[in-house]
2 protein chains.
Amino acid sequence: MTGRTARRRVLRVQAGNGAGAPREAGPRADLLAVEEPLEIRLNGAALTVTMRTPGDDIDLAAGFLAAEGVVASPGDIAGIRMCDENVADVTLAGGAAAAEGLRRNFLTTSACGVCGKDSIDAIRVRARYDVSADLVRVSPAVLASLPGRLREAQRVFASTGGLHAAGLFTAEGTLLALREDVGRHNAVDKLIGRALQDGHLPLAGRVLLVSGRTSFELAQKALVAGIPVLAAVSAPSSLAVELAEEAGMTLVGFLRGTTMNVYTGAHRLSV
Amino acid sequence: MTGRTARRRVLRVQAGNGAGAPREAGPRADLLAVEEPLEIRLNGAALTVTMRTPGDDIDLAAGFLAAEGVVASPGDIAGIRMCDENVADVTLAGGAAAAEGLRRNFLTTSACGVCGKDSIDAIRVRARYDVSADLVRVSPAVLASLPGRLREAQRVFASTGGLHAAGLFTAEGTLLALREDVGRHNAVDKLIGRALQDGHLPLAGRVLLVSGRTSFELAQKALVAGIPVLAAVSAPSSLAVELAEEAGMTLVGFLRGTTMNVYTGAHRLSV
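None of these values were measured; they are calculated from a predicted model. (Residues numbered from 1 in each chain as written. Chains lettered and ligands numbered in written order. Predicted model: local features only at pLDDT ≥ 70, side-chain atom pairs only at ≥ 80, totals over all residues. Heavy atoms only, no water.)

### Quick word on the packing of helix 7 (residues 216-224) of chain A against helix 8 (residues 238-247) of chain A
Residues and elements named next belong to chain A. The geometry of helix 7 relative to helix 8 is characterised by a closest axis approach of 7 Å and an angle of 25 degrees between their N-to-C directions. Relative to helix 8, the element helix 7 is oriented roughly parallel. For the pair helix 7 and helix 8, the sense of crossing is right-handed. Each of Phe216, Ala219, Gln220 and Leu223 in helix 7 lies in contact with helix 8, whose residues at this interface are Leu239, Ala240, Leu243 and Ala247. Looking at the contact of helix 7 with helix 8 residue by residue, the class counts come to seven nonpolar, one polar and no charged. (Axes fitted to C-alpha atoms, helices over the stretch in contact; angles between N-to-C directions. Helix = DSSP H or I, 4+ residues; strand = E, 2+ residues; numbered from the N terminus. Parallel < 35°, antiparallel > 145°, perpendicular 65-115°, else oblique. Left-handed = near helix turned anticlockwise from the far one by under 90°. Contact = heavy atoms within 4.5 Å. Nonpolar A, V, L, I, M, F, W, Y, C, P; charged D, E, K, R; others polar.)

### With respect to the environment of A:Ala195
Residue and element names in this part refer to chain A. On the secondary structure map, Ala195 appears in helix 6 (residues 184-197). Once the C-alpha coordinates of Ala195 and Ala225 are considered, the two residues, 30 residues apart in sequence, prove to be 8.8 Å apart. Among all residues touching Ala195, those that are not within four sequence positions of it are His200, Leu201 and Leu203.

### Quick word on the sheet that holds strand 5 (residues 77-84) of chain A
Residues and elements named next belong to chain A. With mixed pairing, the four strands of this open sheet are ordered in space as 4-3-6-5. Both edges of this open sheet fall to strand 4 (45-52) and strand 5, since each of them pairs with a single strand only. Neighbour to neighbour, the strand axes of the sheet diverge by 20 degrees on average, direction disregarded. Taken together, the seven bridges between strand 3 (residues 36-42) and strand 4 define a ladder with antiparallel strand orientation. In the sheet register, Leu42 faces strand 4, and the bridge partner there is Ala45. (Pairing = 2+ DSSP bridges.)

### Description of the packing of helix 1 (residues 57-67) of chain B against helix 6 (residues 184-197) of chain B
Residues and elements named next belong to chain B. Here helix 1 crosses helix 6 at 90 degrees, and the two axes come no closer than 6 Å. Of the possible angle classes, the one that applies to helix 1 and helix 6 is roughly perpendicular. Across the interface between the two elements, Ile58, Asp59, Leu60, Ala62, Gly63, Phe64, Ala66 and Ala67 from helix 1 touch Asn186, Asp189, Lys190, Ile192, Gly193, Arg194, Leu196 and Gln197 from helix 6. Its residues assigned to classes, the contact of helix 1 with helix 6 shows eight nonpolar, four polar and four charged.

### With respect to the pattern of salt bridges
Opposite charge on two side chains lets them pair, provided their charged atoms get close. Residue and element names in this part refer to chain A. As enumerated under the stated definition, the model contains 22 salt bridges over all chains in all. In this structure, Lys221 engages Asp189 in a salt bridge whose closest nitrogen and oxygen atoms are separated by 2.9 Å. Of the two residues, Lys221 sits in helix 7 while Asp189 sits in helix 6, which places them 32 residues apart along the sequence. Judged by relative accessible area, which is 4%, Lys221 ranks as buried. Asp189 gets classed as buried once you look at its relative accessible area, which sits at 1%. (Salt bridge = Lys/Arg side-chain N within 4 Å of Asp/Glu carboxyl O. Buried < 20%, exposed > 50% of the residue type's maximum accessible area, 1.4 Å probe, protein only.)

### A look at the nonpolar core
Formed by 56 residues in total, the largest nonpolar core has its most connected members in B:Leu42, B:Leu65, B:Val71, B:Val90, B:Leu208 and B:Ile227. If you look at the next biggest cluster of nonpolar residues, it comprises 55 residues, including A:Ala187, A:Leu203, A:Leu230 and A:Leu243. (Core = buried A, V, L, I, M, F, W, Y, C linked by side-chain atoms within 4.5 Å.)

### Structural notes on the sheet that holds strand 5 (residues 77-84) of chain B
All names here are of chain B. Read from one edge of the open sheet, four strands run 4-3-6-5, paired in mixed fashion. In this open sheet, the two edge strands, each paired with only one partner strand, are strand 4 (45-52) and strand 5. The average undirected angle you get between the axes of adjacent strands in this sheet is 20 degrees.

### A word on the environment of B:Ala187
Residue and element names in this part refer to chain B. Along the chain, Ala187 turns up in helix 6. Under the relative-accessibility criterion, Ala187 is labelled buried at 1%. C-alpha of Ala187 to C-alpha of Ala15: the two residues are 172 residues apart in sequence and 35 Å apart in space. Once residues within four sequence positions are removed from consideration, Ala187 is found in contact with His164, Ala165, Ala166, Arg179, Glu180 and Asp181.

### Some points on the pairing of strand 5 of chain A
Residues and elements named next belong to chain A. Judged from the six bridges that link them, strand 5 and strand 6 (residues 87-92) form a sheet pairing that is antiparallel. Along strand 6, the bridge assignment pairs Arg81 with Asp89. Counting the residues between successive antiparallel strands, the hairpin from strand 5 to strand 6 contains two residues.

Listed below in structure tokens is the structure:
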């Protein structure tokens, strides 16, 4: 049960058109995206549970902790061990006492007790990198080509339709890494977690493409990893745009065919 | 800032086709789906923060607590008060001590310390209603008509492309309620939270349609509300199908045009 897809019998039904009676095309096999809980532990103590597609779980744990501001470089992590197929235990280099402090801080801020605008600040992880200083430029033609390149590289998506994808590209449009998951935030965590462990943060000059919409959370994850350009096939939320603008990140949405909407950081587009 | 959409200047860019130079269509106004944090409190103490589209926040708080198994009937809630535009405080009928017990239990299980298969059980909220006993039948023609009816009723979706929708229907296809949100789980929580406060749980004989994919979490929310038929425009995950099968719920996916995939509970389709 640790595969990314599961085969399942499904009944394909065709509704009648007008006077026609409904038809059953009969049972057939269908591929489903696997969803299972992953528990992430910090030095042995449970931190959180995320619903994810199995695979790259160690990267997911590392990326999740990076997005939460708990780790920032390979040296912060002493080791990550799968102690069960659905449990990743991260041992921090700082020792058990430091880990317990970070864990308590995480549990407190994820149910933070501040109102209104302050609440936004409380969930906004302090970014270590200044993406506004990133001088990379990307051509609209390269951006327009990315969704097609991502889809080509997605082995699983075509067969299940149930997986979100995140792709990391160079400014010239070369795909560096691709991750898929039932949760779009998990796909991004897996990508960034791998880069963190390889010592590649900040991801200066890179473009992150996500297959769905851009939420505040996704923009924040890109920002924490030092990615200057975030592009998406669908719409961003208001708060994703606010965060991108404040951070000096380029945010592109509705990347379809040859057109796109540039919400922030248009100076990086070599138009 | 409590509207569901926000107006924003956006640069529309057209990449060059082949030899053609890229063109800027220039700045124009675009509507974004608003995303802001909502803090949910239990008798004054912070429980969780969810990123949501403002609107129906009291319903969202009630529905969230119903899905978590904290409340099950209008009598369980003494009152829900917005103490800030982004903070909903739920006072439970059971009193402060009971609320604190439920709060501690929630915070513990959301970072639960159990492995593998047990972890699934830990996040599986005990359902109070037996949907397997629900004798409702739905015709494929009615099911096929639901996505169109939902889209017609969505005022916001057409203009932003950034909102998920959830619709509650009768078995004859009449739309009873519609909610939209940047988070699909929030749209379902808002729908169920309203029904709970109106004393309409269990939602026996009803059909819930979601605009995206069906995750374990969405199937669980439908199950807790006693909804026997869950339909989606896109794919379900493996764990959503497992839960629906175990509970005796009808799960339909890829509801597009006149065709659909029936994953579980096909006996309710009057083919």
